[in-house]
Amino acid sequence: MKDNISRSIDRMQEETDYFQMLYNNRYFQLDNWTEATILNFIYNNYEDSAIRTAFAQKEGYALFEGRAVETSVEALASIVDSEVLWEYTRSAYWLGGRAILIGMLHFMNYQQIRVVLTGIGYCLFFTMLMVIARKISLEIAMIIAGGFLMVNFQYGLMNMTLGMFCFWIIFVSIIYLSYCKKVDCFYFLFVVGLLTQYLEWFALSITTFGVITLYMLLIEWEKNRSISFVRIFNLIFNAALGWIVGFCLMFFGRMIGSTLVEGEEAIKYIFSRVSDDIVMEEKNAFEGIVNANLSCLQGIFPVSITNLDNNTIMIISAIGVIVLLMALLFCKDKRAIFTGCLIISLAPIVWISVLSSYCVNHYWILYRVLCVSLCSVLFVIVELIKSIISCIKKNPV
């Protein structure tokens, strides 16, 4: 395993901590910083204790080419070439996907794992779309595909750590859609929230709640086109409650487990990370929230390949809001499902707003949660267009 990690370093050093697949565009960026950090944890783990290996997040450091390390990739390279001189605990980076990576690293290096995960990810993504087409409709499958691709979901699959969570989003989608008639809304989202927090820190977590709840609403809509507001709100409430309870339970379990194994320094680090990610340092918190959301909106394709400024994006967003309000006013028979979809579309916006401090430096990761908003909004727009066409056919000029 350690040999495969060693063989991964040269390519990672060529790519640096943040490799931009599209020149000078951070929205098309691979996160080698986190990859190298996780590989560092694995290389520097406590092999004498399975429990400490599971909980410890000790990042090792040594001198790199005779000087102090400056990047995460250099830190990994430094401990491969020499003895660890000091360690830094990162308890918040307890990413459950590491267990899978440890197994894969016994057989292949980082670049090989990236290729394998990308191939498997694409196959699973198309499988998910086929299941959506079979269980709901082909139209909905195309809408979901559009929403995911517009946030470069395909590039997320190319990272080991981020890719693991993308797999989880696809996996829970397939499981829910395959057994939706047999699962309880609350308990399914409880398990999803629990395992989401195990597999990820915070960045994309809300996506699992958003996509599953959207599937729930769309399945109900396909079964009953006259679905009531009460039924819509009941589904969203139960889903949100189950997900939040599971997510929080695992988060506090993480804190307790890390503290028992690593001591009080672990819980101090976790609280400091939460504080850094949520609390805005700017005097104007509202301005920070607006900037965070605008940074994420800029990542949506095709905006991500343009040079639109914030004012233009705000104008486009305002036009979008007007269109959605028109949909609510014009389509009286679809108001319930539209309202439900728009509520779900707000979840990522709230998530980005809460994590606005984290978003300052990590907007190029966080913007992918907007796939939930895009899928919801695209559904509303498609149904609005269908209603307008139907109205024109009934009342020709």
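Residues numbered from 1 in each chain as written. Predicted model: local features only at pLDDT ≥ 70, side-chain atom pairs only at ≥ 80, totals over all residues. Heavy atoms only, no water.

## With respect to the overall build of the protein
- Along the protein, the regular secondary structure elements total 18 helices and four strands.
- The C-alpha atoms of the protein give 22 Å as radius of gyration, which agrees with the globular expectation for 397 residues (21 Å, within 12%).
- Over its C-alpha atoms, taken along the principal directions, the protein stretches across nearly 80 × 45 × 45 Å.
- Counting across all 397 residues of the protein, residues that qualify as buried make up 53%. (Helix = DSSP H or I, 4+ residues; strand = E, 2+ residues; numbered from the N terminus. Rg over C-alpha atoms; globule rule 2.2 N^0.38 Å. Buried < 20%, exposed > 50% of the residue type's maximum accessible area, 1.4 Å probe, protein only.)

## With respect to unusual backbone geometry
- P302 follows F301 through a cis peptide bond whose omega is 10°.
- Its location among the elements puts P302 in the loop between α14 (285–297) and α15 (310–330).
- The phi angle at T16 is positive, at roughly 70°, despite the residue not being glycine.
- Examined against the element boundaries, T16 turns out to sit in the loop between α1 (2–15) and β1 (18–20).

## Brief notes about a positive patch on the surface
- The grouping of R134, K135, K181 and K182 at the surface amounts to a positive patch.
- By the secondary structure assignment, K181 is in the loop between α9 (160–179) and α10 (185–199). (Patch = residues over 30% accessible without salt bridge, like charges linked within 9 Å, V, L, I, M, F, W, Y side chains within 5 Å. Areas by Shrake-Rupley, 256 points an atom, 1.4 Å probe, with all protein chains shown as cover. Salt bridge = Lys/Arg side-chain N within 4 Å of Asp/Glu carboxyl O. Lys, Arg positive; Asp, Glu negative; His and termini not counted. Charge placed at Lys NZ, Arg CZ, Asp CG, Glu CD.)

## With respect to the packing of α1 against helix α4 (residues 72–81)
- Remark: α1 packs on α4, axes separated minimally by 10 Å, with the N-to-C direction vectors making an angle of 145°. In the crossing of α1 with α4, the sense of the turn from one axis to the other is left-handed. Mapping the contact onto sequence places I5, S6, I9, M12 and Q13 in α1 and V73, L76, A77 and V80 in α4.
- Residue composition of the contact of α1 with α4, by class: seven nonpolar, two polar and no charged. (Axes fitted to C-alpha atoms, helices over the stretch in contact; angles between N-to-C directions. Left-handed = near helix turned anticlockwise from the far one by under 90°. Contact = heavy atoms within 4.5 Å. Nonpolar A, V, L, I, M, F, W, Y, C, P; charged D, E, K, R; others polar.)

## Notes on the environment of I113
- Topologically, I113 is positioned in helix α6 (residues 110–135).
- For the pair I113 and I322, spaced 209 residues apart in sequence, the C-alpha separation works out to 45 Å.

## Remarks on the side chain of E35
- Inspection of the secondary structure assignment puts E35 in helix α2 (residues 32–43).
- R114 is the oppositely charged side chain nearest to the buried, salt-bridge-free E35, at an N-O distance of 5.8 Å.
- Beyond its immediate chain neighbours, meaning those up to four positions away, E35 contacts M12, Y110, N159, M160, T161 and L162.

## Considering the packing of aromatic side chains
- The full count for this structure, using the stated rule, is 19 aromatic pairs.
- Judged by centre distance (5.9 Å) and plane angle (45°), the ring pair of F125 and F148 falls under tilted. Placement of F125 in helix α6 and of F148 in helix α7 (residues 138–149) is noted, with a sequence separation of 23 residues between them.
- With a relative accessible area of 7%, F125 lands in the buried category.
- Take F148: its relative accessible area is 0%, and that puts it in the buried class.
- Among the aromatic residues, those joined into a cluster by ring pairs are F125, F126, F148 and F153. (Phe/Tyr/Trp six-rings, centres within 6.5 Å; stacked < 30°, edge-to-face > 60°.)

## Considerations on the packing of α10 against helix α12 (residues 229–262)
- Where α10 contacts α12, the two axes come as close as 7 Å, and the packing angle between them is 35°. Seen from above, α10 lies across α12 with right-handed handedness.
- A per-class count over the contact of α10 with α12 returns 16 nonpolar, six polar and one charged.

## Describing the pattern of salt bridges
- Applying the stated criterion to the full structure yields eight salt bridges.
- For E15, the salt bridge is made with R11, and the minimal N-O distance between the two is 3.2 Å. Here E15 pairs with R11, and both are found in helix α1, just four residues apart, close to one helical turn.
- Salt-bridge contacts for E15 lead to R114; the nearest nitrogen and oxygen are separated by 3.1 Å. Of this pair, E15 sits in helix α1 while R114 sits in helix α6, and the two are 99 residues apart along the sequence.

## A short note on the environment of C296
- Following the sequence through the fold, C296 ends up in helix α14.
- Measuring from C-alpha to C-alpha, the distance between C296 and V360 comes to 10.0 Å, with 64 residues separating the pair along the chain.

## Quick notes on the environment of N310
- Its place among the elements puts N310 in helix α15.
- The exposure class of N310 is partly exposed, given its relative accessible area of 31%.
- Sequence-distant contacts of N310, that is, excluding residues within four places in its chain, are made with N291, L294 and Q298.
- A distance of 3.0 Å separates the side chain of N310 from the side chain of Q298, its partner in a polar contact. (Polar contact = N/O pair within 3.5 Å; in protein donor to acceptor, adjacent residues only side chain to side chain.)

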